[in-house]
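Below are the chains, spelled out letter by letter.
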Amino acid sequence: MNYKEKHKKLSIEIEQHNYNYHSLDKPTISDYQFDQLFNELLELESKHPELVTETSPSQRAGSTPLDKFSKVKHRTPMLSLQNSYSPDDILAFDERIKKFLNSDEDVEFICEPKLDGLALELVYEKGLLTKAITRGDGTTGEDVTLNTKTIKTIPLKIDAGAVPDVFELRGEVLLHKSDFESLNEGQLSQGLETFSNPRNAAAGTLRQLDSRVAATRPLRFYAYAPGVIDGHGADSHYQFLEAVNQLKIPNLIAKKIKKSAIIKKCKNAEEAVAHYHFIESVRDQLEFEIDGMVMKVNSFQLQQELGFVARSPRWATAAKYKPKQETTVIKDIVLQVGRTGALTPVAIMEPVFVGGVTITNATLHNESEIARKDVRIGDTVVVQRAGDVIPEVVEVVLKKRKKSSVAYEFPQKCPVCGTKAEKNEDEAVYRCPNLFCPAVVKESLKHFVSKKAMNIDKLGEQITKQLWTEGLVKTFSDIYTLKKEDILPLERQGEKSANNIIKSIDASRQPELSRFIYALGIRFVGEQTAKTLANYYQDVPSFLKATEEDLLALNDIGPKVASSITSSLSNKDFVKEVQNLLKNGVKIAKSDVTNASKKLKGLKFVITGSFDNYKRSDLKKTIEVNGGSSPGSVSKNTDYLIAGEAAGSKLKKAEDLGVKVLSIEQFLAMLD
Ligand code: IVH
């Protein structure tokens, strides 16, 4: 096979794996194997630059930042939808259509979720993705093609024979809720600002000038409409979605919740109303956020007859869901102590039914939010529950305030252990600094046993609480000395459940290092950071010796996280607890991580200058995967300097300090 054929074969293979992993959620090879294929592709392209086409999978990694986005006119304007908030408006919409068409016959509608992201138009020319344009003002949008190519679920090529020469389609770009949480975790661990919601995060990412940043964030796209309609063969919206599905462009036509399709063909407006309620009832079970239902006349011919009014089509409308709000009375304000010691004020209220559930507690966030809203005990307040977020107090109904009400004074002490609360200058929250505060321990235990941590599934909240109140489990390591006889006397525990608990504890005794580190609950150390740490340190004793300098040299770890880790590691009680866990029979499992190469173990490489075929970030990764680290500056602790083209002051400093200087070839030879 010549190199061109090899490149083609690799490209097809990589895109199939992208599809398996990102669209089907069913990878057939490991991440490591995938990286190998991808690196092989990059290597071929660096030797034969003419292979780097606009639709090579290598474009998924992003490229050099733009100065600004260029403006592109939409071939046909991207309109908006009329909004309403009531199912009655669905019936009124149907009436208007019938009146306009001068007919009594039922109109068929396609009803689908209104995705809460941002609109994007894709343009395929002769089957190749050539442009992606934001909505902009509806007439002209921004060219975000480079960022869009990093979205792994969007095919860079589609079957050219199945679509017109210029094929346009529109859809929504968004982040899944779980990806949003991991993204924020990563932001925190790098000491960066977090995003307030998935929509903002998606918008910020799509409008990134540096597509390499966009490439690290798991944006998604779901198609929901054609651009210019002509020539793609479908007669109806539903057929169009089916064709899109055939092309493997992501869409929601096949998506089911509780065995019911989320996109429904409705024979009339009554069925549309029913589907409006159905979508709302499963809203929390969707992976992404939605804010309503969109209903569209199915027939393209009818759509054309109906046309537009102002900037909206007459053939479609959006029925939104109200954030559920109710009023109730605040009986008390208490402080809740979180796993990290954060003191969160919570309003205890007269029970009230909001959005399908009865709530008695709502968060007041922090001291300044209470002051801003001027919330007082005894006040009548509006509470809200949107999507699956925690209920919150929106505002006080001042008309109903009693004269006797007094402003809430935020306690200066932890309500549980009485330690003086502390507040960082740059934060809004007060914290209890006592690591052994019973409330902190209780919450930490909950985290320690949770699924993504030690995964002791039989130690549910109730039993953990019992064990803790009985004084049987005061710290993590106490869990591993528990015996059946300890559990039997507890309320509601029998022979069988006690056995199950012990079994489930035993099953957790061999965690992967990353889970173990995550379970320890160090502030800012989420799952991703724990993986980075496990990958680098490879065993507990090395991790316990981590220094700030070392940590800062790792990808994804910023000053805030590094100092949080070192402060835990310099706490004698913390270290003792880790050692007790090992002493009580926790043994780190051999995993992919510990099998990784240790060729560069403990070595510090500073990288300077530029390299023809390698990005610095890739070199850094290579160093870490092999057990080394890559600090940003040269010191007497540096083992090697890897110097590329145009190396400057770092090279001089290395020479002054007598640090060994390597060429890229010499470095690569160390890995052979
Ligand atoms: S169809 C003529 N379908 O809602 C407009 N739009 O105001 C055709 N949106 O910014 C749009 N989910 O980004 C359509 N299933 C869906 C949608 C949807 C969300 C957004 C769209 C646009 C806004 C319309």
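Up top is the structure.
Residues numbered from 1 in each chain as written. Predicted model: local features only at pLDDT ≥ 70, side-chain atom pairs only at ≥ 80, totals over all residues. Heavy atoms only, no water.

**A few points about the pattern of salt bridges**
Where charged atoms from two side chains of opposite charge approach closely, those side chains can pair.
Argument step 1. Summed over all chains, the structure comprises 31 salt bridges.
Argument step 2. Among the salt bridges present, the one from Asp106 reaches Lys98, with a minimum N-O distance of 3.5 Å.
Argument step 3. Since its relative accessible area comes to 16%, Lys98 is described here as buried.
Argument step 4. Through salt bridges with shared partners, one network takes in Asp374, Arg376, Asp379 and Arg401. (Salt bridge = Lys/Arg side-chain N within 4 Å of Asp/Glu carboxyl O. Buried < 20%, exposed > 50% of the residue type's maximum accessible area, 1.4 Å probe, protein only.)

**Focus on the site of the ligand**
Argument step 1. In the vicinity of the ligand, 13 residues are found, and the nearest of them are Leu81, Glu112, Glu172, Tyr224 and Lys296.
Argument step 2. At 2.7 Å from a nitrogen atom of the ligand is found a side-chain nitrogen or oxygen belonging to Glu112.
Argument step 3. A distance of 2.9 Å separates a nitrogen atom of the ligand from a polar backbone atom of Leu115.
Argument step 4. Protein burial of the ligand: of its 520 Å² of free accessible surface, 88% is covered by the chains.
Argument step 5. Only strand S3 (109-115) and strand S12 (290-297) provide two or more residues apiece to the shell around the ligand. (Near = heavy atom within 4 Å. Polar contact = N/O pair within 3.5 Å; in protein donor to acceptor, adjacent residues only side chain to side chain. Areas by Shrake-Rupley, 256 points an atom, 1.4 Å probe, with all protein chains shown as cover. Helix = DSSP H or I, 4+ residues; strand = E, 2+ residues; numbered from the N terminus.)

**Describing the packing of aromatic side chains**
Argument step 1. In total, this model carries 12 aromatic pairs according to the counting rule given.
Argument step 2. Summarising the aromatic geometry, the rings of Phe34 and Phe38 are spaced 6.0 Å apart at their centres and angled 20 degrees between planes, so their arrangement reads as stacked. Placement of the pair is Phe34 and Phe38 together in helix H2 (residues 31-47), with a separation of four residues, close to one helical turn.
Argument step 3. Exposure remark for Phe38: the relative accessible area of 16% places this residue in the buried category.
Argument step 4. Ring centres of Phe605 and Tyr640 lie 5.2 Å apart, and the angle between their planes is 15 degrees; on these two criteria the pair is classed as stacked. Residue Phe605 is found in strand S23 (residues 605-608), and its partner Tyr640 is found in strand S24 (residues 640-643); the two are separated by 35 residues along the sequence. The two residues Phe605 and Tyr640 agree in class, both being buried.
Argument step 5. One cation-aromatic arrangement involves Lys248 over Tyr19; the distance from NZ or CZ to the ring centre is 4.8 Å.
Argument step 6. Its end group placed over the ring of Tyr238, Lys265 keeps NZ or CZ at 4.6 Å from the ring centre. (Phe/Tyr/Trp six-rings, centres within 6.5 Å; stacked < 30°, edge-to-face > 60°. Lys NZ or Arg CZ within 6 Å of the ring centre and 35° of its normal.)

**Let's talk about the sheet that holds S23**
Strand pairing within a sheet occurs via backbone hydrogen bonds; the two strands may be parallel or antiparallel.
Argument step 1. Across the sheet, three strands lie side by side as S23-S24-S25; this open sheet has parallel pairing. This sheet does not close on itself; its edge strands, each paired only once, are S23 and strand S25 (660-662). Adjacent strand axes in the sheet meet at a mean angle of 25 degrees when their direction is disregarded.
Argument step 2. The pairing of S24 with S25 spans three bridges and is parallel. Paired with Tyr640 across the strands is Lys660, a residue of S25.
Argument step 3. Along the sheet, helix H23 (residues 616-625) makes contact with S23 and S24, crossing S23 at roughly 170 degrees. (Pairing = 2+ DSSP bridges. Axes fitted to C-alpha atoms, helices over the stretch in contact; angles between N-to-C directions. Contact = heavy atoms within 4.5 Å.)

**Here we look at helix H15 (residues 495-507)**
Counting along an α-helix, one turn takes 3.6 residues, and residues three or four places apart therefore face a common direction.
Argument step 1. Between its first and last C-alpha, H15 extends 18 Å over 13 residues, near the 18 Å set by a 1.5 Å rise per residue.
Argument step 2. When we look at burial in H15, the residues that qualify are Ala498, Ile501, Ile502, Ser504 and Ile505. Around the axis of H15, the buried residues are gathered within 160 degrees of arc, so they sit on the same side. In H15, those exposed residues whose orientation departs by more than 90 degrees from the buried face are Lys496, Lys503 and Ala507.
Argument step 3. On its buried face, H15 sits against helix H13 (461-469) and helix H14 (484-487). (Expected span 1.5 Å × (residues − 1). Arc of directions from axis to C-beta.)

**With respect to the sheet that holds S3**
Argument step 1. Reading across from one edge, S2-S15-S12-S3-S11 is the order of the five strands in this open sheet, with mixed pairing throughout. A strand with exactly one partner marks an edge of an open sheet, and here the two such strands are strand S2 (83-84) and strand S11 (264-266).
Argument step 2. Relative to S11, S3 runs antiparallel, the two being bridged by three bridges. Residue pairing in the sheet places Ile110 in a bridge with Lys265 of S11.
Argument step 3. Most of the contacts of helix H3 (residues 87-101) go to S12, to which it runs at about 20 degrees, and overall it touches S2, S3, S12 and strand S15 (316-320).
Argument step 4. Here helix H8 (residues 237-246) sits on the sheet and contacts S3, S11 and S12; the angle it forms with S3, its principal contact strand, is near 55 degrees.

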